[in-house]
Amino acid sequence: MNIRIFAAAALVAALSVVAVGVSGASGGSAANTLTVWLQVDAQSGWPEVVAAANAQFKAQNPGWNVDVQYQTWGTHLSKFDATLAGGNSPDVIEMGNTEMTKYMAAGAFQDLAGVSFPNQSTWLAGLAASGRYGGKLYGVPYYAGSRVVTYRTDLFKQVNAKIPTSQNEFIALARKIGTKNSAKSFSPVYIAGTDWYVAMSFVADYGGKIAMTRKGKWVGTLDKPAALAGLAAYKRFFDASSRAQKTTDEAHPQPYDVIAQGNAASTYGAGWFTCCVGDYKSKVAQFVMPSHTKGQPIPGFLGGSDLAVPIGANKTAAAAWISAFTDNASMSVLRAKGNIPNTTSLLGNSVNERAARKSWFVPTSKNWINVENGNVLRTMLSRILTGKSSIKDAASVASDNITFTLNQ
Amino acid sequence: MTSASEVVVRQRAEVVPRAATITRQRRRRLRRIAWNVVGLAVFVVLVFPVFWMISTAFKPDTEINAFSPTWFSSHPTLQHFRDAIARPYFWDVVKNSLIIVGAVVALSMVVAFLAAVALAKYRFTGNKLFVVLVIGILMLPQAGLVIPLYVVLAKYHLTNHLLGLVFTHLVILLPFAVWTLRGFILGIPKELEEAAMVDGSSRLGAFTRILLPLVAPGLVATSVFVFITSWNEYIFANVILTDQQNQTLTVWLSYFYGTSRETDWGGLMAASTLTAIPVVIFFLLVQRKIAFGLTAGAVKA
Amino acid sequence: MTVAAEATAHRSRRRPRLKRIAQASIPYLLILPVILVITAILGYPLYKLATLSFQQYGLAELIQRKGVWIGLDNYSSVLHDEIFWRTLLRTVIFTAANVVLTIGIGTLLAFLLVRVSSLVRVLLTAGLVLVWSMPAVVAVQVWFWMTNFQNGILNHVLTQLHVGDYSQHDWYATTFWKLAMVTLLIVWGAIPFVTITVYAGLAQVPRELVEAAEIDGAGPLRVFRDVTYPILKPIFLILTSLSIIWDFGVFTQPYLLIGSSHVDTSNYLMGVYVFIEGYAHSDFGRGAAISLLMLLMVATMSIFYVRRMVKMGEAAR
């Protein structure tokens, strides 16, 4: 090993840098490229809608190219932050509806007032609310998913069940199923203890709210009578029908796994759960979760996405692409794939869509995400269900916490 | 004093040690077998999670979510592997990872070795300061550096470009490599070094000719670490590379569990198994360098 | 002096200054590439990290590229936060446990590698590399699967071995057990590096020196003390200092294994704390302040080992 070999190694190293610099994909972009960040759900779920929108946009705007970069839910926000700091953020970005407020408040998006989007007058109220802040329009509703009850038809037939039309009917049905299937780990209705999306649906059902603004300040309202009634109804429902761990969340385990393992007769969750119930795929069906009022659906949490235009982007081009992507043709395809379209004009009568007619949303405060990250609601539910606190005390603590966090 | 008795004593002296040698050899062999058993037991416990990952990769979905876990699949399937490879940009991503890691390992080993030699073997002002700087950079929590680093790369137009990630990995790994190689060089006994100085060649020439073979095991261990860290690095790769065809394997893996729907566990395990293969190949290629006896003959030279 | 030697000495006297300058500049040239790369890429981020810590810098400020100077407010708010101190204590204990286990078990395994036959050795090292090569996120998923209370293999095995009835046992019920599982995972992932590095260090021990000592009548313990340990000493110092640094700031394993919905102030570790308080809340100024405080803490924890390493370089020359 002498100095010559060493020099050769160094030369190879230098050449490798050059090779990497020359190869590797394009760092620079064409003169007119529209960069779009969509979540990977579009890539696997409805790529043809994306392709059609791209083609339409390119036809209407010659000389433009579209670069769709698919992102994942866990990391797209930190990537977005980096691009905002670096000055090369995308022209269009898909945001979760609960993610919008923080960024709208920070001035990350351009005001889309003055642009006319397809079906703008009939946008789904729950989704549209998430795209508005300070009287301005920042987000165009994209699509949503609602929550429904997925159940095993064979177990329901075993007790000659009728689809329940009120919570009391559902509780009675759950008790019947429980007597027939009395294993310790079997849940007639599997609901994770700290599934606050379900619990808050019960709260909304009784007219309660998580928080409200009063004179420009946020006030937590979980300790008000309406919310307390909802929480009590949730506890009653949980005790009667779910053997889930009282402290676990709705992803550990996944409710569809619980059904697949034969440990649940039904669950209240996303509409796409039917994909993954293993051997019971042919034996499941869905119905709308009922309210405590007979014949009404419970207000559901509408999980969905909006499309926004970050600052620094070409607003006209971006808005044109969004219009192409959210027109009737695109929405029909999305609906056919089991999603809820962004407009009531296309809402049909599937279980998914019927459940979406009544919905509630989280407080539109830029600090709401901190409440979620601080697991305030989960802690409250955990204490209520395990009996560590009374409903009133736990709700009071949570309410104070929420008031403090939202006003920071 | 030669006598028959002496001859007999001498002969007996030759016979007795041989018997003792045989028992010593047998004892050594038994001890080796005992150690081998311990080694195999350690192997089984250590590798179990990896085995679980690979075993799951071959199980069909119904078995993966079953209530009672099974050791081996009763209906093994290659479907997950096929699905993983069929995912968009798989081969692009493999190529990107290989290029990046190759460049990072080559560059960092050369550059770090030179710096380590300087720090360990030369006396110069700023030596100690530089060493402290190197370890100081190692102590920085990486989370805080992500966004400012992205801003720097954006200024150089290196975002969404493999070269940007190569430089980032170099910056993360050079301090580690310098710190570790310096330690290995410092550990070389002085006698072996001094033997090299005798023939009057330049100091640097002596260092590279003598030091390199001596420190080869350390170089290999460090290069394996650099390889694996760069291969598995996620945070910076994810932020810097936004176009899917420019991404690395680790980022590509995150798409398996980043959807809003169910996680494809079988696919994730199959993809992870595929991701591990180049690392093992690299290691098997270099592992022979970590061997005893490499330093034998250095003193004589 | 021979004629040839006299001639050489004469030649070096004739161009002494040039040669001396060339000789003296060699070390600087050797470290130049590292300095260049680090300054070019890390210079601005380091400067930014320091200055951000004195600013109010949230998402809005990030977008406007302008922060508000607030002096030491970030630091004072963090240092007055009870959660910061509790997390710090918890992390120090956690780090100590992890480092001791990692270095201890890793070294024992390295000695095991020496004693087994070459086939088992290749098998073990390949196994170690397989473990080492698992990305942290995948390892967490596999680990969680193996230990989850519903259908985890760990409960299954323990029950089958009649160690007790572990069916449906929740290994993450208490804070201690949550962190214990995280420790197991981290130590498992960190052992390969320690083992392979120590083994490489052992390989650097020249056989002649060992044999020379044995011929002089030294037993295995004395051989270790006089021949092996001096060579391994810098390696142990490096491994310990690196382990302290990494285990103190670890983020991926605790955050993912405990789960983002179960991570709260009762089980924060510093790596998770800085992420949530600083970056998840988009309070980048606070995050920078916490990062620099973490740097200070880590430096304090590892100063003993680092100083030894730095001094070692001077003694060797």
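Residues numbered from 1 in each chain as written. Chains lettered and ligands numbered in written order. Predicted model: local features only at pLDDT ≥ 70, side-chain atom pairs only at ≥ 80, totals over all residues.

**Points about the environment of Phe81 of chain B**
Residue and element names in this part refer to chain B. One can find Phe81 in helix H3 (residues 79-86). Phe81 sits in the partly exposed class, given 18 other C-beta atoms within 10 Å. If sequence neighbours within four positions are ignored, Phe81 has contacts with Ala57 and Ala270. (Helix = DSSP H or I, 4+ residues; strand = E, 2+ residues; numbered from the N terminus. Buried ≥ 20, exposed ≤ 12 C-beta atoms within 10 Å, placed from the backbone. Contact = placed C-beta atoms within 7 Å.)

**Topic: the domain arrangement of chain A**
All names here are of chain A. What the domain assignment reports for chain A is domain 1 (33-146 + 303-360) and domain 2 (147-301 + 367-406). A straight line from the C-alpha centre of domain 1 to that of domain 2 covers 29 Å. Listed as interface residues are 15 residues of domain 1 and, on the opposing side, 18 residues of domain 2. Those elements that provide at least two residues to the side of domain 1 that touches domain 2 are helix H5 (100-105), helix H14 (351-355) and strand E14 (359-360). With four residues, the single largest contributor to the side of domain 1 that touches domain 2 is H14. Of the residues in the side of domain 1 that touches domain 2, the class split is four nonpolar, seven polar and four charged. (Domains from an automatic or database assignment. Nonpolar A, V, L, I, M, F, W, Y, C, P; charged D, E, K, R; others polar.)

**Section: helix H13 (residues 328-336) of chain A**
Residues and elements named next belong to chain A. For H13, the complete set of buried residues consists of Ser330, Met331, Leu334 and Arg335. One face of H13 carries all of its buried residues, which in axial projection span an arc of 135 degrees. Against helix H3 (47-60), strand E6 (139-145) and helix H12 (315-325) lie the buried residues of H13. (Arc of directions from axis to C-beta.)

**With respect to the interface of chain A and chain C**
Contact residues are listed per partner, giving 16 residues for chain A and 11 residues for chain C. With three residues, helix H4 (residues 76-86) of chain A is the largest single contributor of residues to the side of chain A that touches chain C.

**Brief notes about the confidence of the model for chain A**
Residue and element names in this part refer to chain A. On average, chain A scores 89 in pLDDT, and the residues at 70 or more come to 92%. Across chain A, strand E3 (residues 92-96) holds the top mean pLDDT of 96, while helix H1 (residues 3-22) sits lowest at 62. Overall, residues 24-29 carries pLDDT values under 50, and its contacts beyond four positions in sequence, including any with other chains, amount to 13 contacts. (pLDDT = per-residue confidence, 0-100.)

**Notes on the domain arrangement of chain C**
We note that the domain assignment places domain 1 (3-38) and domain 2 (77-316) within chain C. The gap between the C-alpha centroids of domain 1 of chain C and domain 2 of chain C is 43 Å.

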